[in-house]
Amino acid sequence: MTANEDVVEELLRVHGRTYASEAGIRLGRNTPAPLFQLLVLSLVSSARIRAEIAMSAAKALFGDGLTTVQKMADATWEHRTKVLNGSGYARYDESTSRYLAATAETVLDRWNGDLRELRAAANGDPGTATDLLTECKGIGPAGAQMFLREVQNVWEEFDPFVDRRCRDVAERMGLPASPTHLRELVDDRRDFVRLLDALVRCGLAGDEDVILTRART
């Protein structure tokens, strides 16, 4: 096993859980509901708010039954705001409630409620996909990149996709920043997405040095 593979193994051991799975999103189905849930997770994670609060907000929305684009669109602003506020997402609850409604309407109007139509329109190009995703209110480039990072698990034409946040942490840890070379360090797509999310989590936790030390012993 190479030194890089040792680091990857330790990253996966400590932080190897995707954000989609943590939120309870059954992304493997590649059906409209979980794809929209991933968009919601990406949206609430786009605000300047701690990752754990964004995750709590997403879980609260899904736990309240707002799991499909139509249910999100049909919910009142007051309802969405109350759910967000109750999850601890207090600072941006009102604006994010509006963004969720606008995004649901965009997905309904532009993609007939099915993000697989966006996939077809992007035709495997991450830049096009990013442009299309950022048409949704509240989804900026970082949110679009989070969506693509997670969705490549089922949209294989985007594999390997590595967003800037992952590249930055990979470089700090001496891992290859090239998507192709980083992808070569794991066997399959599921582990690749787990690795990318592990890099994000490691960066947020600030434990790069701890991971590197353990990998070398």
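A quick note: this is a predicted structure, and the numbers were derived from the prediction, not measured.

### Quick word on the side chain of Arg-201
Here's step 1: Summarising the element assignment, Arg-201 is placed in helix α13 (residues 189–205).
Here's step 2: Among residues more than four places away in sequence, those in contact with Arg-201 are His-15, Arg-17, Thr-18, Tyr-19 and Glu-22.

### Focus: the nonpolar core
Here's step 1: Ranked by size, the top nonpolar core spans 74 residues in total, and within it Leu-11, Met-173, Leu-175 and Leu-199 carry the most contacts.
Here's step 2: In this structure, Leu-199 is in contact with Leu-11, Cys-166, Val-169, Ala-170, Met-173, Leu-175 and Leu-182, ignoring residues within four places of it in sequence.

### A word on the packing of helix α6 (residues 77–86) against helix α7 (residues 93–111)
The description of two packed helices rests on the angle between their axes and on the distance between the axes.
Here's step 1: Packing of α6 against α7 brings their axes to within 9 Å, and their N-to-C directions diverge by 125°. Considering their axes alone, α6 and α7 lie oblique with respect to each other. In terms of crossing hand, the pair formed by α6 and α7 is right-handed. Between α6 and α7, the contacting residues are Trp-77, Arg-80, Thr-81, Leu-84 and Asn-85 on the first element and Asp-93, Glu-94, Thr-96, Ser-97, Arg-98, Leu-100 and Ala-101 on the second.
Here's step 2: A class-by-class count of the residues in the contact of α6 with α7 yields four nonpolar, four polar and four charged.

### Description of the pattern of salt bridges
Here's step 1: Going through the model one piece at a time under the given rule, you end up with 15 salt bridges.
Here's step 2: Across the pair Glu-135 and Arg-110 runs a salt bridge, and its minimum N-O distance is 3.0 Å. Of this pair, Glu-135 sits in the loop between α9 (126–133) and α10 (141–151) while Arg-110 is found in helix α7, placing the two residues 25 residues apart along the sequence.
Here's step 3: Using a relative accessible area of 40% as the deciding quantity, one classes Arg-110 as partly exposed.
Here's step 4: In the salt-bridge network here, residues are joined through shared partners; they are Arg-149, Glu-150, Asp-163 and Asp-197.

### Some thoughts on the environment of Glu-94
Here's step 1: Residue placement: Glu-94 occurs in helix α7.
Here's step 2: Separated by 112 residues in the primary sequence, Glu-94 and Gly-206 have C-alpha atoms spaced 31 Å apart.

### As for the environment of Trp-155
Here's step 1: Secondary-structure assignment places Trp-155 in the loop between α10 and α11 (164–172).
Here's step 2: Excluding residues that lie within four positions of it along the chain, Trp-155 makes contacts with Asn-30, Leu-35, Leu-115, Arg-116, Leu-118, Arg-119 and Phe-147.
Here's step 3: A distance of 2.8 Å separates polar atoms of two side chains, one belonging to Trp-155 and the other to Asn-30.

What counts and how
Residues numbered from 1 in each chain as written. Predicted model: local features only at pLDDT ≥ 70, side-chain atom pairs only at ≥ 80, totals over all residues. Heavy atoms only, no water. Helix = DSSP H or I, 4+ residues; strand = E, 2+ residues; numbered from the N terminus. Contact = heavy atoms within 4.5 Å. Core = buried A, V, L, I, M, F, W, Y, C linked by side-chain atoms within 4.5 Å. Buried < 20%, exposed > 50% of the residue type's maximum accessible area, 1.4 Å probe, protein only. Axes fitted to C-alpha atoms, helices over the stretch in contact; angles between N-to-C directions. Parallel < 35°, antiparallel > 145°, perpendicular 65-115°, else oblique. Left-handed = near helix turned anticlockwise from the far one by under 90°. Nonpolar A, V, L, I, M, F, W, Y, C, P; charged D, E, K, R; others polar. Salt bridge = Lys/Arg side-chain N within 4 Å of Asp/Glu carboxyl O. Polar contact = N/O pair within 3.5 Å; in protein donor to acceptor, adjacent residues only side chain to side chain.

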